[in-house]
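# Structural overview
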Amino acid sequence: MARGPAGYRARMLVERMRPFTSTIFAEMSALAVRTGAINLGQGFPDTDGPPSLLADAAANIQSGVNQYPPGPGIPELRAAVAEHQRRFYGLDVDPDAVLVTTGATEAIAAAVLALCGPGDEVVTFQPYYDSYAATIALSGATLRPVPLRPQYGSDGQAAPDFAFDPDELRAAFSPRTRVVLVNTPHNPTGTVLDREQLTLIGELAAEYDAVVVTDEVYEHMVFDSGRHVPMATLPGMAERTLTISSAGKTFSVTGWKVGWVHGPGELVSAVRAAKQFLTYVSGAPFQPAIAAALGLPDTFYSGLAEELQGKRDLLSDGLRAAGFTVFRSAGTYFVVTDVTPLGFGDGAELCWSLPERIGVAAVPVSVFCSDPDLGRTLVRFAFCKRAEVLTEAVSRLGALRG
Ligand SMILES: *Cc1c(COP(=O)(O)O)cnc(C)c1O
């Protein structure tokens, strides 16, 4: 048996958490720092959010908004979330059915821990956001991943994208299915699920009496005049859906960790029961600032999507010119590529050598998969960076061909 601190720690960790000891994001970011590489691995913006939001939060700290806020969140933020859902999606949300959480991450964890235990199953698409598998493992439930598979256009013209096979989705459901965890717009693939796909997911959830938990943190980052469709807007779905979002992505404040969840009263109460013993509350000075920011004019929201779309194009074009197969990113901070045309068979291998070789860091899609073969040749790049940073990254990527 291994000796020393590492071996000791490995023995201490409960078995269900052992597959989740390190995150590739921290490792890749460390490698990027060590090599001076441009970090297109981790998805955080390199500019700050709206100045009014930053000033409000700073003023709140200065004026003493620093103690425990109410358990469910401050009334102004819960009302602002309800109003945001009405304004953008026509959803009728009772502010009392909004729960403020420590980022979307805690909302997801509290929902899964509240609703699932050993013997229960959670259906989700893979690749998936990395907290999903770890959270499901913590709950003792079983993950039932459904692949989002690359779809290569038949005309050879349109950029390829990702989709699930309806039969594979159907086959993942069983009487043990408690939760369907859906992320749209989807990290890492940039897939935006359409009404037809969401309808099928909803029908299956209803058939098996499962709760749909939707992670919509990229709701305002949809491109090419596409639309984000919240699951809760589909007929009959509001009564079995927990809708989750967060200020982190929308307002470029990923370090603030203020999110929220809303849904039917009894489901939100269940989530609250778990949430209160995870963190109790958080983000007192941030909550009123975010409440005000949610009321920013439409131009803020449309400007955000437009600006990111330009960055998506800049990076996608550069990756294509560098020889990658580039998938269409319809939303989020991310674009996925296939490294096969560059002569590589393994995205992870390329990612470990990329910072040293050309000074750019990215993450392999295989780390978002329980079936590593699914993302073997795929690599994710983040484009939520300043244009000059992306331009420099593109110029470095050009060296891969040479
Ligand atoms: C960034 C991200 C989150 C985490 O949101 P926080 O509010 O920072 O906790 C959740 N889900 C997805 C898909 C993300 O990309």
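Use the structure listed above.
Here goes a summary of the coordinates provided.

The rules behind these values
- Residues numbered from 1 in each chain as written.
- Predicted model: local features only at pLDDT ≥ 70, side-chain atom pairs only at ≥ 80, totals over all residues.
- Heavy atoms only, no water.
- Buried < 20%, exposed > 50% of the residue type's maximum accessible area, 1.4 Å probe, protein only.
- Helix = DSSP H or I, 4+ residues; strand = E, 2+ residues; numbered from the N terminus.
- Pairing = 2+ DSSP bridges.
- Patch = residues over 30% accessible without salt bridge, like charges linked within 9 Å, V, L, I, M, F, W, Y side chains within 5 Å.
- Areas by Shrake-Rupley, 256 points an atom, 1.4 Å probe, with all protein chains shown as cover.
- Salt bridge = Lys/Arg side-chain N within 4 Å of Asp/Glu carboxyl O.
- Phe/Tyr/Trp six-rings, centres within 6.5 Å; stacked < 30°, edge-to-face > 60°.
- Lys NZ or Arg CZ within 6 Å of the ring centre and 35° of its normal.
- Near = heavy atom within 4 Å.
- Polar contact = N/O pair within 3.5 Å; in protein donor to acceptor, adjacent residues only side chain to side chain.
- Nonpolar A, V, L, I, M, F, W, Y, C, P; charged D, E, K, R; others polar.
- Axes fitted to C-alpha atoms, helices over the stretch in contact; angles between N-to-C directions.
- Parallel < 35°, antiparallel > 145°, perpendicular 65-115°, else oblique.
- Left-handed = near helix turned anticlockwise from the far one by under 90°.
- Contact = heavy atoms within 4.5 Å.
- Core = buried A, V, L, I, M, F, W, Y, C linked by side-chain atoms within 4.5 Å.
- Right-handed = clockwise from strand over helix to strand, strands pointing away.

### Considering the pairing of strand 10 (residues 259–262)
The side-chain alternation of strand 10 yields two buried faces, one formed by Gly-259 and Val-261 and the other by Trp-260 and His-262. Pairing of strand 2 (residues 98–101) with strand 10, which is carried by 4 bridges, proceeds in the antiparallel orientation. Within strand 10, the residue paired with Val-100 across the bridge is Trp-260. Of the strand pairs in this sheet, strand 9 (residues 241–246) and strand 10 are connected by 4 bridges, and their pairing is antiparallel. Residue pairing in the sheet places Thr-243 in a bridge with His-262 of strand 10.

### Notes on a nonpolar patch on the surface
Taken together, the side chains of Leu-113, Leu-138 and Leu-278 present a nonpolar region at the surface, about 230 Å² in accessible area. Tracing the sequence through the fold places Leu-138 in helix 6 (residues 131–139). For Leu-138, a relative accessible area of 41% gives the class partly exposed.

### Examining the packing of aromatic side chains
Inspection of the entire model under this criterion finds 18 aromatic pairs. Each ring, one from Tyr-152 and one from Phe-327, has its centre 5.8 Å from the other, and the planes form 55°; the classification is tilted. Of this pair, Tyr-152 sits in the loop between strand 5 (149–151) and strand 6 (161–163) while Phe-327 sits in the loop between strand 11 (325–326) and strand 12 (334–338), and the two are 175 residues apart along the sequence. A residue is classified by how much of its surface remains accessible, and Tyr-152, at 48% relative accessible area, is partly exposed. Classification of Phe-327 by relative accessible area gives buried; the value is 1%. Relative to Tyr-333, the ring of Tyr-218 lies with its centre 5.4 Å away and its plane at 70°, an arrangement referred to as edge-to-face. Highlighted residues: Tyr-218 in the loop between strand 8 (211–215) and strand 9 and Tyr-333 in the loop between strand 11 and strand 12, separated in sequence by 115 residues. The rings of Phe-88, Tyr-89, Phe-251, Phe-300 and Tyr-301 are connected pair by pair, giving a single aromatic cluster. The ring centre of Phe-334 lies 3.6 Å from the NZ or CZ of Arg-380, which sits over that ring. For the cation-ring pair, Lys-385 lies above Phe-44, with the distance from its terminal atom to the ring centre recorded as 3.7 Å.

### Focus: the site of the ligand
The local shell around the ligand consists of Gly-103, Ala-104, Thr-105, Tyr-129, Asn-183, Asn-187, Asp-215, Val-217, Tyr-218, Ser-246, Lys-249 and Lys-257. Residue Lys-249 places a side-chain N or O atom 3.1 Å away from an oxygen atom belonging to the ligand. Contact between the ligand and Lys-257: an oxygen atom at 2.8 Å from a side-chain N or O atom of the residue. About the coverage of the ligand: the protein hides 95% of its 390 Å² of free accessible area. Looking at the shell around the ligand element by element, the count peaks at 3 residues for helix 5 (residues 103–115). Residues belonging to the shell around the ligand are distributed by class as follows: 4 nonpolar, 5 polar and 3 charged.

### Quick word on the packing of helix 3 (residues 51–62) against helix 11 (residues 286–293)
Running from N to C, helix 3 and helix 11 cross one another at 150°; their axes reach a closest spacing of 8 Å. Relative to helix 11, the element helix 3 lies roughly antiparallel. Of the two possible hands of crossing, helix 3 and helix 11 adopt the one that is right-handed. Here Leu-53, Asp-56, Ala-57 and Asn-60 of helix 3 come into contact with helix 11, specifically with Phe-286, Pro-288, Ala-289, Ile-290, Ala-292 and Ala-293.

### Examining the sheet that holds strand 11
Strand order in the open sheet formed by 4 strands is 11-12-15-14, with antiparallel pairing between adjacent strands. With one partner strand each, in any of the chains shown, strand 11 and strand 14 (363–364) form the two edges of the open sheet. As paired strands, strand 11 and strand 12 are joined by 2 bridges and run antiparallel to one another. Bridging across to strand 12, Val-326 finds its partner in Thr-337.

### Examining the nonpolar core
Grouped together as the largest cluster of nonpolar side chains are 67 residues, with contacts concentrated most on Leu-242, Leu-315, Phe-324, Phe-381 and Leu-397. At 7 residues, the largest contribution of residues to this core is made by helix 5. Excluding residues within four positions of it along the chain, Leu-397 makes contact with Leu-315, Leu-319, Ala-322, Phe-324, Ile-358, Val-360 and Phe-381. Of all hydrophobic cores here, the second largest spans 29 residues; its members include Phe-125, Ala-172, Ile-201 and Met-231.

### Some words on the pairing of strand 8
Walk down a regular strand and you will see the side chains alternate between the two sheet faces. With 5 of its 5 residues buried, strand 8 lies for the most part within the structure. Note on the crossover from strand 7 (residues 177–183) through helix 8 (residues 195–207) to strand 8: the handedness is right-handed. When strand 8 meets strand 9, the two strands line up parallel, connected through 4 bridges. Within the sheet, the bridge partner assigned to Thr-214 lies in strand 9 and is Thr-243.

### Details of the pattern of salt bridges
Scanning the entire structure with this criterion turns up 15 salt bridges. For Arg-376, the salt bridge identified is with Asp-373, shortest N-O distance 2.5 Å. For Arg-376, a relative accessible area of 34% puts it in the partly exposed group. Judged by its relative accessible area of 52%, Asp-373 is exposed. Taking the shortest distance from any N to any O, the salt bridge between Arg-396 and Glu-392 comes out at 2.9 Å. Of this pair, Arg-396 and Glu-392 both sit in helix 14 (residues 387–397), 4 residues apart, which is roughly one turn of that helix. Taking the relative accessible area as the measure of exposure, Glu-392 reaches 34% and is therefore partly exposed.

Read these as layout, nothing more, since geometry by itself doesn't imply function.
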